[in-house]
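# Summary of structural features
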Amino acid sequence: SSSILKQLITRSSLTLKNLYFKDIVIPWFQESSSIQRHLAAQICQIFIEAESSHFKFRFQFYFPLLEQQLNPDRYPKRDYNSEPTSEDFLINQLLKLFHKSLEIQSSLVHDKKWSKYINPIWFYIENFYLSYSNLWIRVLCLKIIGFLFSQYSTTSIVEALINSKESEEYFL
């Protein structure tokens, strides 16, 4: 079914793509049901796959919602021994979505234009999701952080550690 949606998006005109995104994906992200938000995240991933680097034109709608959805204050604190919940599946889908965004547009790591939304997401990953109760969410966070590190040279990482300074980028 995702391949059919991908083909539909790929073959649609820009006007229709915008309509699908603004009238389906965005409202579903704002629903109270975690299942609808989960579906919105999945459809958004399909948009990223279909549009590739052209998806960057949707960032203005997408990043504020992603930052809002990944805010850990939205979710109850969980015990490490608890069973996965629908919120866990949603968080996993949202983190996959963030990772996919970084993969298609790796310059986002350094782009000051989106740091207002991306830096809080990095903060949530580092301070909440890396120690989240479910292992697969922690593993995905490690993968995302690995991607972050891959965007910097060893020299720039060492320099940042030695000469710590304020920066608009989360990491350096």
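Look up: the structure comes first, before these words.
Overview of the structure. (Residues numbered from 1 in each chain as written. Predicted model: local features only at pLDDT ≥ 70, side-chain atom pairs only at ≥ 80, totals over all residues. Heavy atoms only, no water.)

Within this model, the second largest pocket holds a volume of roughly 160 Å³. Lining the second largest pocket are Leu14, Lys17, Asn18, Lys22, Ala50, Glu51, His54, Phe57, Arg58, Gln60 and Phe61. Contributing elements (two or more residues each) for the lining of the second largest pocket: α2 (14-29), α3 (34-51) and α4 (59-70). Counted by class, the lining of the second largest pocket contains four nonpolar, three polar and four charged residues. (1 Å grid on protein atoms, 1.4 Å probe; cavity = no way out; pocket = protein on both sides within 12 Å on 5 of 7 lines; lining within 4 Å. Points joined across faces, edges and corners; volume = space filled by probe spheres on them. Helix = DSSP H or I, 4+ residues; strand = E, 2+ residues; numbered from the N terminus. Nonpolar A, V, L, I, M, F, W, Y, C, P; charged D, E, K, R; others polar.)

Turning next to the nonpolar core. Core analysis: the biggest nonpolar cluster contains 48 residues, and Tyr62, Leu95, Phe98 and Tyr129 have the highest contact counts within it. Taken together, the elements giving at least two residues each to this core come down to α2, α3, α4, α5 (86-104), α6 (115-127) and α7 (135-150). Filtering out sequence-adjacent residues up to four positions away, Leu95 remains in contact with Leu70, Ile125, Tyr129, Ile137, Leu140, Cys141 and Ile144. (Core = buried A, V, L, I, M, F, W, Y, C linked by side-chain atoms within 4.5 Å. Buried < 20%, exposed > 50% of the residue type's maximum accessible area, 1.4 Å probe, protein only. Contact = heavy atoms within 4.5 Å.)

A few words on the pattern of salt bridges. All chains considered together, the criterion is met by two salt bridges. Ionic pairing is found between Lys100 and Glu49, a salt bridge with its closest N-O pair at 2.8 Å. Of the two residues, Lys100 sits in helix α5 while Glu49 sits in helix α3, which places them 51 residues apart along the sequence. Accessibility expressed as a relative area gives 37% for Glu49, which makes it partly exposed. Residue Arg58 pairs with Glu51 through a salt bridge whose shortest N-O separation is 2.8 Å. Like Glu51, Arg58 is buried. (Salt bridge = Lys/Arg side-chain N within 4 Å of Asp/Glu carboxyl O.)

On to the packing of α2 against α3, then. Viewed as axis vectors pointing N to C, α2 and α3 meet at an angle of 150°, and their least axial separation amounts to 8 Å. The angle between the axes of α2 and α3 places the two elements in the roughly antiparallel class. In this structure, α2 meets α3 at a crossing whose hand is left-handed. Residues Lys17, Tyr20, Phe21, Val25, Trp28 and Phe29 of α2 lie in contact with α3, whose contacting residues are Gln36, Arg37, Leu39, Ala40, Ala41, Ile43, Cys44, Phe47 and Glu51. Here the contact of α2 with α3 is built from residues that sort into 11 nonpolar, one polar and three charged. (Axes fitted to C-alpha atoms, helices over the stretch in contact; angles between N-to-C directions. Parallel < 35°, antiparallel > 145°, perpendicular 65-115°, else oblique. Left-handed = near helix turned anticlockwise from the far one by under 90°.)

Let us now look at the packing of helix α1 (residues 2-11) against α3. Between α1 and α3, whose axes approach to 9 Å, the crossing angle comes to 55°. Judged by the inter-axis angle, α1 sits oblique to α3. Crossing of α1 over α3 shows right-handed handedness. Contact with α1, carried on its side by Ser2, Leu5, Lys6, Ile9 and Thr10, involves Ile46, Phe47, Glu49, Ala50 and Glu51 of α3 and no other residues of that element. Looking at the contact of α1 with α3 residue by residue, the classes come out as five nonpolar, two polar and three charged.

Given a rise of 1.5 Å per residue, 16 residues ought to cover 22 Å, and the 23 Å separating the end C-alpha atoms of α7 matches this to within 8%. Among the residues of α7, Ile137, Leu140, Cys141, Ile144, Ile145, Phe147 and Leu148 are the ones counted as buried. Burial along α7 is one-sided: seen end-on, the buried residues are contained in an arc of 150°. Opposite the packed face of α7, turned more than 90 degrees from it, sit the exposed residues Leu135, Leu142, Lys143 and Ser150. Buried residues along α7 sit against α5 and α6. (Expected span 1.5 Å × (residues − 1). Arc of directions from axis to C-beta.)

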